[in-house]
Amino acid sequence: MIELRFHGRGGQGAVVASKTLAQAAFLSGRYVQSYPDYGVERRGAPVVAFARIAEEGDDLFVRQDIREPHHLLVLDATLLTNPAVLAGLQPGGWVVANSPDSPASLGIDGRFRVATVDASRIALDHGLGSAAQPVVNTAILGAFVRATGVVTLRDLLAAIRHEVPVKAEENQLAASDAHEQVVLGVPV
Amino acid sequence: MPERLLLTGNHAAAYGAMLSRAEVISAYPITPQTMIVELLSELTASGKLDATFITVESEHSAMAACVGASAAGARTYTATSGQGLALMHEMLHWAVGARLPVVLTNVSRAMAPGWSIWADQTDILSQRDVGWMMLFAESVQEAQDFIIWSYRVAEQVHLPAMVGMDAFILSHTAEPLIVHDQSAVDAYLPKFEPIYALDPEDPRAYGGLVNRDHYFELRYKIFEAMDRAGELLVAAGEEFGEVLGRRYAPLEGYLLDDAEYVIVSAGALTSNVRQAVRDARARGIKVGLLRLVAFRPFPVAAMRRILAGRRKVAVLDRNMGPGHSGIFAAEVRSALFGSSSAPEVFDYVVGLGGRDVRVETILEVLDDLITRDDPEMALFVGVKGLPIGPIRKEAEVLR
């Protein structure tokens, strides 16, 4: 079983990102679960969502918050100033963060692998969201898929067509661009 | 062909109402249920669901509209949660007394104040005695299927039914769902044919004054119908398996055969109990799970039979009845009372207001169950700063 935690801000699409990634794994025949840790949603406030992907041929029935994720998707790198975001991440796990800077510049503990992608710029290139609030969820997923190989890019693009109601074409392009442009950090 | 989709519990409930061919839907939005009626209003507006969607200004009116529509002979559905269900209370009684098989999904949410939108079953269990059948879904699949199963029985006994689903843990969790083939659901659930229906061509009076000569018998018949619902739930649950591929029953056992210890649970937290039972079995502890699927009618005889001779029973209550115990535990103790081989029942109150009830939480409960001698009335699990145990007498403990 692979457990994933998504950290974003209200309006960035973290909840849809978790459902879309689960959909991609589901389309490839895996049993999955996706759920948001809802507070009372507000734009800009921190948001957490979870996804679980079962081993092939297995199913899942655990229903609890994910405290020790295998990987993290961080839709806004400024959230990393809160140490709780990295809490419980398993050693060797990927932190895939939306940042224009290099993985090393984030100063994340060397036990983890770090990838960065300028998802905000990619989203804006494709007209997703506004300059004040780009919708970065599909871009971050493209980067995540490249770093981890948890699902294929093809399944991700199919999942975006399923889950993203507007600008499906632009969202697929954003995922593909991020898949190409993500910078994978070299383990220290 | 049945379709396999990735959907949330809320959307599964909307599919359940659609597959049941609900003809009138009246609802008022409330978190975390809103997604159900949003989707149903979309399905109705697009013509995918041939139903009348009545918007109202409150849950009381929503149930009043359901009562009216059902009295006119329509298959009727609504959904609500927490405070909304509480506001419906008067009309919930009306649906029972008028013998109307309305089906309702309640996304169980903690009662305010403190204001909370998270899982807690005290809302639905506060409606224990109104005379609605009550089923508790554990999965997204059941959030859909139990609506169909409910209509099948409700329309035979002329009583309404509510399906409970835990807030967020189920309502907002997306997982694989088999959406049944419409023709198969139609074969399972025939068109609603009420004995009496409002008809302008044949005017009659309903719900009028009943004097002391008649009311008692009306109530007796409600009790009798609910009793019959118990048998029909079993039969309709088996038939569900034959026609739609998934067999349901008022109680579900898991690894019970040689179990000395049994954990009784209802709703979504049961999934974690399954995992805990597996983990404990790997450590050599003979423990099993008994899931309460139907709460009303309460499966008294089956529960007595299944629990007889066990060493100890832990009931998990994501609810509480102040002044007594958790509500499920009170019911289980009552069902077992007088049975010569009844085990002692330990009541564990857990997860109020959506607090995470983890697999390890349940393993801690199991350790406590094995070692504890006095069951007390209720044992609280996970109150900050306190070990598992009964309430402390010192008022300052939580200051």
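Residues numbered from 1 in each chain as written. Chains lettered and ligands numbered in written order. Predicted model: local features only at pLDDT ≥ 70, side-chain atom pairs only at ≥ 80, totals over all residues. Heavy atoms only, no water.

Some details on helix α5 (residues 168-181) of chain A
Residue and element names in this part refer to chain A. As a reminder of what qualifies: Helix and strand definitions follow DSSP, with helices as H or I runs of at least four residues and strands as E runs of at least two, each counted in order from the N terminus. Residue count minus one, scaled by 1.5 Å, sets the expected span of a helix. Exposure classes here rest on a 1.4 Å probe applied to the protein chains alone. A residue is buried below 20% of its type maximum, exposed above 50%, and partly exposed in between. Note: the arc covers the axis-to-C-beta directions of the helix. Whether two residues touch is decided by their heavy atoms; if any such pair falls within 4.5 Å, the residues are in contact.
Taking 1.5 Å of rise per residue, 14 residues should cover 20 Å, and α5 covers 20 Å from first to last C-alpha, within 8% of that figure. If you check which residues of α5 are buried, you get N171, Q172, A174, A175 and A178. In a view along the axis of α5, the buried residues occupy a sector of 155°, so they form one face of it. Residues of α5 that are exposed and point over 90 degrees away from its buried face: E169 and E180. Elements that come into contact with the buried residues of α5 comprise β6 (113-117), α2 (119-125), α3 (137-148) and α4 (153-163).

Topic: the sheet that holds strand β12 (residues 294-296) of chain B
All names here are of chain B. Selection criterion: Paired strands, in this sense, are two strands between which DSSP finds at least two bridges. Axes, fitted as lines to C-alpha atoms, cover a helix only where it is in contact. Angles between the N-to-C directions of the axes lie from 0 to 180 degrees.
Pairing is mixed in the open sheet, where 7 strands are placed in the order β3-β2-β4-β5-β7-β6-β12. Here the strands that pair on one side only, and so sit at the sheet edges, are β3 (52-55) and β12. Neighbour-to-neighbour, the strand axes of this sheet turn through a mean angle of 20°, independent of strand direction. Direction of pairing for strand β4 (residues 76-80) relative to strand β5 (residues 103-108): parallel, over a ladder of 4 bridges. When the bridges of β5 are listed, T80 appears paired with N106. The strands that helix α4 (residues 82-97) touches are β4, β5 and β7 (161-166); relative to β5, the one it contacts most, it runs at about 145°. Seen against the sheet, helix α8 (residues 215-244) touches β6 (133-136) and β12 and runs at an angle of roughly 35° to β6.

Observations regarding the sheet that holds strand β13 (residues 312-317) of chain B
Residue and element names in this part refer to chain B. Strand order in the open sheet made by the 6 strands is β9-β11-β10-β13-β14-β15, with mixed pairing throughout. Two strands in the sheet have a free side with no partner beyond their single neighbour: β9 (251-254) and β15 (379-380). Sitting on the sheet, helix α11 (residues 327-336) is in contact with β10 (261-265), β11 (287-292), β13 and β14 (344-349), with an inclination near 145° to β13.

Section: the pairing of β3 of chain B
Residues and elements named next belong to chain B. Heads up, the rule is: Orienting the strands away from the viewer, one traces the path from the first strand over the helix to the second; a clockwise path indicates a right-handed crossover.
Pairing of strand β2 (residues 24-27) with β3, which is carried by 4 bridges, proceeds in the parallel orientation. Considered in β3, the bridge of V24 is made with T52. Crossover β2 to β3 through helix α2 (residues 34-45) is right-handed.

What to know about the interface of chain A and chain B
To keep things clear, this is the line we draw: When two components associate, each loses some accessible surface as probed by a 1.4 Å sphere; the sum of these losses over both components is called the buried area. In the sections that follow, a salt bridge refers to a side-chain nitrogen of Lys or Arg positioned within 4 Å of a carboxyl oxygen of Asp or Glu. We define a polar contact as two N or O atoms separated by no more than 3.5 Å, with the added condition that, inside protein, one atom must be a possible hydrogen donor and the other a possible acceptor, whereas residues neighbouring each other in sequence contribute only through side-chain atom pairs. Each residue receives one of three labels: charged for Asp, Glu, Lys and Arg, nonpolar for Ala, Val, Leu, Ile, Met, Phe, Trp, Tyr, Cys and Pro, and polar for the others, Gly being one of them.
Taken together, the contact pairs 19 residues of chain A with 26 residues of chain B. For the pair chain A and chain B, the summed buried surface comes to about 2,100 Å²; carbon and sulfur atoms form 57% of the total. The largest share of the area that chain A buries against chain B comes from F26, F61 and R63 of chain A, three residues that together contribute 37% of it. Run the count over chain A and chain B and you get 1 salt bridge. As a salt-bridge pair, R63 of chain A and E175 of chain B come within 3.0 Å of each other at their nearest N and O atoms. In this structure, the connection of chain A to chain B is made through 9 residue pairs in polar contact (both at pLDDT 80 or more). Listed by contribution, the elements that provide at least two residues to the side of chain A that touches chain B are α1 (14-27) and β2 (32-37) of chain A. The element contributing the most residues to the side of chain A that touches chain B is β2 of chain A, with 5 residues. For the side of chain A that touches chain B, the per-class residue count stands at 10 nonpolar, 5 polar and 4 charged.

Side note on the pairing of strand β5 (residues 94-98) of chain A
All names here are of chain A. Where burial is concerned, most of β5 is hidden: 5 out of the 5 residues are buried. Of the two faces of β5, the one lined by W94, V96 and N98 and the one lined by V95 and A97 are each fully buried. Pairing of strand β4 (residues 71-74) with β5 involves 3 bridges; the strand directions are parallel. Bridge pairing links V74 to A97 in β5.

What to know about the packing of α1 of chain A against α4 of chain A
The description of two helices packed together rests on the angle between their axes and the distance between the axes. All names here are of chain A. As a reminder, the rule being used: To sort the angles, those under 35 degrees are grouped as roughly parallel, those over 145 as roughly antiparallel, those from 65 to 115 as roughly perpendicular, and the leftovers as oblique. Rotating anticlockwise by less than a right angle from the far helix to the near helix defines a left-handed crossing, while the corresponding clockwise rotation defines a right-handed one.
Following both chains from N to C, one finds α1 and α4 inclined at 125°, their axes separated by 8 Å at the closest point. The pairing of α1 with α4 is recorded here as oblique in orientation. Two packed elements cross with a definite hand, and for α1 against α4 that hand is right-handed. Contacts between α1 and α4 involve V16, K19, T20, Q23, A24 and L27 on the former and, on the latter, D155, L156, A158, A159, I160, H162 and E163. Here the contact of α1 with α4 is built from residues that sort into 7 nonpolar, 3 polar and 3 charged.

What to know about the pattern of salt bridges
If you walk through the whole model with that rule in mind, you get 29 salt bridges over all chains. Between R9 of chain A and D76 of chain A there is a salt bridge, with its nearest N and O atoms 2.7 Å apart. With R9 of chain A in strand β1 (residues 2-9) and D76 of chain A in the loop between β4 and β5, the pair connects residues that are 67 residues apart, well separated along the chain. When the shortest N-O distance is used, the salt bridge between R246 of chain B and D145 of chain B registers 3.9 Å. Residue R246 of chain B is found in the loop between α8 and β9, and its partner D145 of chain B is found in helix α6 (residues 140-157); the two are separated by 101 residues along the sequence. You can call D145 of chain B buried: its relative accessible area is 0%. Counted as one network, the salt bridges with shared partners bring together E138, E142, E252, R274 and R291 of chain B.

Remarks on a nonpolar patch on the surface
As a reminder of what qualifies: Nonpolar side chains (Val, Leu, Ile, Met, Phe, Trp, Tyr) within 5 Å and like charges within 9 Å form the patches, drawn only from residues with over 30% relative accessible area and no salt bridge. In short, Shrake-Rupley with a 1.4 Å probe defines the accessible areas, and a residue's cover is counted only from the protein chains shown.
Where nonpolar side chains cluster on the molecular surface, the patch consists of I195, Y196, L198 and Y206 of chain B and spans about 450 Å² of accessible area. Tracing the backbone through its elements, the reader meets I195 of chain B in the loop between α7 (182-188) and α8.

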